[in-house]
Amino acid sequence: GAVVSQHPSRVICKSGTSVKIECRSLDFQATTMFWYRQFPKQSLMLMATSNEGSKATYEQGVEKDKFLINHASLTLSTLTVTSAHPEDSSFYICSARPPLAGDEQFFGPGTRLTVL
Amino acid sequence: AQSVTQLGSHVSVSEGALVLLRCNYSSSVPPYLFWYVQYPNQGLQLLLKYTSAATLVKGINGFEAEFKKSETSFHLTKPSAHMRDAAEYFCAVSLPNFGNEKLTFGTGTRLTIIP
């Protein structure tokens, strides 16, 4: 149980285009989902916390107009990288927390974004 | 604010040898501590966690970690390494926050097992 999927697993796009990444909890409902960014040889950095039905809470230094997060249902959150540029190339990872799970998060396999 | 430091971005051990991955934390209040493992092309998987109960925590796949407040450490160990243990390992910390905990990760340690 507690499986989280991400789609796509890998995406290459041209500079200036927008890219949407989906995060789904497959066998549980997630009231809270998290989006992380991982640069090569660096740790995961929390970008934002997404609660179903409300606006996402962004970490300091993360542009909310650049990284649009939508958590429209208890099993789906999306991250849209708007007007992507090469510096946005990274590994994006989501995680999901079931209700009453306390501190536990279940992670997706990640999405590798390359902006040309 | 909280942080973790993982000493050694790469660790190599022989199959059957002791595995020791180091993690030190900084926190203003008693923290929750975690170890995650990431296999290639897969998501992070929780190995074990410390949440103020027993200081020696046993996890999956034969791993364990000991919370040492005096040393602000939470090192991960396994008595005998297997080839399947080759992966990236992340230490993480969070502060108790009534179910709204956020994780802060270390930079990771890549474990290589030598046959």
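It should be noted that the structure appears before, not after, this text.
Residues numbered from 1 in each chain as written. Chains lettered and ligands numbered in written order. Predicted model: local features only at pLDDT ≥ 70, side-chain atom pairs only at ≥ 80, totals over all residues. Heavy atoms only, no water.

> Please set out the layout of surface pockets residue by residue, giving values where relevant.
Here the largest pocket defines a volume of roughly 630 Å³. In terms of lining residues, the largest pocket is bounded by 23 residues, among which Gln38 and Arg112 of chain A together with Gln38, Glu88 and Arg110 of chain B are the most central. In the lining of the largest pocket, the residues fall into seven nonpolar, eleven polar and five charged. Every element with two or more residues in the lining of the second largest pocket is listed here: strand E5 (44–51) of chain A together with strand E10 (104–105) of chain B. The leading source of residues in the lining of the second largest pocket is E5 of chain A, at four residues. Classifying every residue of the lining of the second largest pocket gives nine nonpolar, five polar and four charged. (1 Å grid on protein atoms, 1.4 Å probe; cavity = no way out; pocket = protein on both sides within 12 Å on 5 of 7 lines; lining within 4 Å. Points joined across faces, edges and corners; volume = space filled by probe spheres on them. Nonpolar A, V, L, I, M, F, W, Y, C, P; charged D, E, K, R; others polar. Helix = DSSP H or I, 4+ residues; strand = E, 2+ residues; numbered from the N terminus.)

> Tell me about the sheet that holds strand E7 (residues 64–68) of chain B, and please be specific about residues and values.
All names here are of chain B. The strand order across the open sheet built from five strands is E1-E3-E8-E7-E6, with neighbouring strands paired in antiparallel fashion. Two strands close off the open sheet at either side, each with one partner strand: strand E1 (3–7) and strand E6 (56–58). Averaged over all neighbouring strand pairs, the angle between strand axes comes to 20°, with direction disregarded. (Pairing = 2+ DSSP bridges. Axes fitted to C-alpha atoms, helices over the stretch in contact; angles between N-to-C directions.)

> Give me the lowdown on the pattern of salt bridges, citing residues and values where you can.
Taken as a whole, this structure holds six salt bridges over all chains when the rule is applied. Put simply, aspartate 88 of chain A and lysine 66 of chain A hold a salt bridge, and the shortest N to O gap is 2.7 Å. Within this pair, whereas aspartate 88 of chain A is found in the loop between strand E8 (76–81) and strand E9 (90–97), its partner lysine 66 of chain A is found in the loop between strand E6 (57–58) and strand E7 (67–73), the two being separated by 22 residues in sequence. As far as the burial class goes, aspartate 88 of chain A and lysine 66 of chain A line up, both buried. When the shortest N-O distance is used, the salt bridge between glutamate 88 of chain B and arginine 110 of chain B registers 2.9 Å. Taken together, the residues glutamate 88 of chain B in strand E9 (residues 87–94) and arginine 110 of chain B in strand E11 (residues 109–114) connect sequence positions 22 residues apart. Overall, glutamate 88 of chain B belongs to the buried group, its relative accessible area being 12%. (Salt bridge = Lys/Arg side-chain N within 4 Å of Asp/Glu carboxyl O. Buried < 20%, exposed > 50% of the residue type's maximum accessible area, 1.4 Å probe, protein only.)

Keep in mind that these numbers describe shape and distance, not what the molecule does.
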